[in-house]
Amino acid sequence: MYNVIGLIDKNRGDEMKSRELKWALAILVIVLLGYFLPYTVLTNVQAWYGSFLLWTVLAVIIIVINYFLSKNWGE
């Protein structure tokens, strides 16, 4: 059975919402780490590999999460 828009099967909708919520929470935690870690743990790191490297790694992780979240989007 399809929802109002007609795109998502209602039976799969609950599973998809749960999966999407899990990924959204993971992204939220990563974004919060991007704010929290540079001002606490990395405060005394003055080299280029401090916050910049952290933000680069976190960005790559979010890109990978977004790939897995959207790879089956059209199905």
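Note: the structure precedes this text.
The model shown is predicted, which means the values in this text are computed figures rather than measured ones.

### Things to note about the overall build of the protein
Moving on, step 1. Of regular secondary structure, the protein possesses two helices and zero strands.
Moving on, step 2. Counting only residues that meet the buried cut, the protein has 16% of its 75 residues in that class.
Moving on, step 3. Expressed as a percentage of contacts within the protein between residues at least 6 apart in sequence, the contacts between residues at least 24 apart total 53%.

### Overview of a nonpolar patch on the surface
Moving on, step 1. There is a patch of nonpolar side chains on the surface, built from V45, Y49, L53, V57 and I61 and spanning about 400 Å² of accessible area.
Moving on, step 2. Structurally, the position occupied by V45 is in the loop between α1 (10-39) and α2 (51-70).

### Let's talk about the environment of L28
Moving on, step 1. By secondary structure assignment, the location of L28 is in helix α1.
Moving on, step 2. We classify L28 as partly exposed; its relative accessible area is 44%.
Moving on, step 3. The sequence separation of L28 and I62 amounts to 34 residues, and the corresponding C-alpha distance is 9.7 Å.

### Here's the deal with the environment of F68
Moving on, step 1. Note on placement: F68 falls in helix α2.
Moving on, step 2. Given a relative accessible area of 35%, F68 falls into the partly exposed group.
Moving on, step 3. Placed 45 residues apart in sequence, F68 and W23 show a C-alpha to C-alpha distance of 9.0 Å.
Moving on, step 4. Sequence-distant contacts of F68, defined by excluding residues within four places in its chain, comprise R19 and W23.

### Some remarks on α2
Moving on, step 1. Compared with an ideal rise of 1.5 Å per residue, which puts 20 residues at 28 Å, α2 spans 28 Å between its outermost C-alpha atoms and is within 8% of the ideal.
Moving on, step 2. Residues L54, L58, I62 and I65 constitute the buried set of α2. Buried positions in α2, seen along its axis, are confined to an arc of 65 degrees and lie on one side of it. Residues of α2 that are exposed and point more than 90 degrees away from the buried face comprise F52, I63 and Y67.

### A few points about the nonpolar core
The nonpolar side chains of soluble globular proteins are, as a tendency, buried together.
Moving on, step 1. Core analysis: the largest hydrophobic core is formed by seven residues, namely W23, I27, I30, L54, L58, I62 and I65.
Moving on, step 2. For this core, the elements supplying multiple residues, two or more each, are α1 and α2.
Moving on, step 3. In this view, I27 contacts I62, I65 and N66; residues no more than four positions away in its chain are not counted.

Quick notes on the rules
- Residues numbered from 1 in each chain as written.
- Predicted model: local features only at pLDDT ≥ 70, side-chain atom pairs only at ≥ 80, totals over all residues.
- Heavy atoms only, no water.
- Helix = DSSP H or I, 4+ residues; strand = E, 2+ residues; numbered from the N terminus.
- Buried < 20%, exposed > 50% of the residue type's maximum accessible area, 1.4 Å probe, protein only.
- Contact = heavy atoms within 4.5 Å.
- Patch = residues over 30% accessible without salt bridge, like charges linked within 9 Å, V, L, I, M, F, W, Y side chains within 5 Å.
- Areas by Shrake-Rupley, 256 points an atom, 1.4 Å probe, with all protein chains shown as cover.
- Salt bridge = Lys/Arg side-chain N within 4 Å of Asp/Glu carboxyl O.
- Expected span 1.5 Å × (residues − 1).
- Arc of directions from axis to C-beta.
- Core = buried A, V, L, I, M, F, W, Y, C linked by side-chain atoms within 4.5 Å.

So far we have only geometry, and geometry alone does not tell us how the molecule works.
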